[in-house]
Amino acid sequence: MKKNLFLDHIREADFKGLFISEMGWNNYRGQSELPQITIDEIDYQFYTIAERSGFQILQCEVNSIPTSAICKRIDTKLRRSANDYIAIYILKNTEHHLWVAPVRQMEKRDLVSIEYETSDKADFIYSKIDDLSFDNSEVTTIIDVKERIQGTFAVNSEKVTKD
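What counts as what
Residues numbered from 1 in each chain as written. Predicted model: local features only at pLDDT ≥ 70, side-chain atom pairs only at ≥ 80, totals over all residues. Heavy atoms only, no water. Helix = DSSP H or I, 4+ residues; strand = E, 2+ residues; numbered from the N terminus. Rg over C-alpha atoms; globule rule 2.2 N^0.38 Å. Buried < 20%, exposed > 50% of the residue type's maximum accessible area, 1.4 Å probe, protein only. Contact = heavy atoms within 4.5 Å. Pairing = 2+ DSSP bridges.

Caption draft 1: Structural view of the overall build of the protein chain. In terms of helices and strands, the protein chain carries six helices and seven strands. Relative to the globule expectation of 15 Å for 163 residues, the C-alpha radius of gyration of the protein chain, 15 Å, shows essentially globular dimensions. Structurally, the protein chain occupies a C-alpha span of about 45 × 35 × 35 Å along its principal axes. In the protein chain, which comprises 163 residues, the share counted as buried stands at 45%. A separation threshold of at least 6 residues defines the contact pool for the protein chain, and within that pool the share at least 24 residues apart is 59%.

Caption draft 2: Here's a closer look at the pairing of strand S3 (residues 47-52). A large share of S3 lies buried, amounting to five of its six residues. Pairing of S3 with strand S4 (residues 55-62), which is carried by five bridges, proceeds in the antiparallel orientation. Among the inter-strand pairings, Arg-52 is bridged to a residue of S4, identified as Phe-55. Where S3 folds back onto S4 in an antiparallel hairpin, the turn is made up of two residues, including Ser-53, whose phi is positive at roughly 55°.

That's the geometry; what it means functionally is another story.
Below is the structure:
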C-alpha cells in the first residue's frame, strides 16, 4: 500500500476503509456495537469495524487517550465480548490514535500499545501494514490470524511500550 493512501486513512480515522478495502480484512457480520465498558466513571463504547477469521478490529472514540493501566482494566472487561482484537482509540477531532493489541508472552497476556499524535508520526504502524494485511484469496483460521498479529506486535514489544 502506498504511504499517501495509508496517511489519508489515518488522517480521516477511516480504519474500516483501511482494514477492509486496503488490508484484506472482512466486514463484521454480527452486532458491531459491543457492550459499553465503564472505568472510573468514563464510558468506553467499542465497535467492531472489521474481522478476519474471528479476530476483531475494534474502534473507540475517546475524549482522552487511556493510560496503559486503564487499557489493562478495559481489556479485562473487553475479553467478555472480544478476546482476540486490536483496539484503536481515537482522540476526538484529532489524528491522535492509540492501537492496543493483547499478546501472549510466556503464559501471560500483555498489552502492546502504539501511539502517535499525528499521521506524520504513524511510521511504525505503516511499517507493520504488510504484516497485518491479507490477500483476498488467502484462506485463514483464527490461529493463523492470531499468530500473524502476535508476531507483528510482539516484535520489539518492550521497545514499543517504552516509546
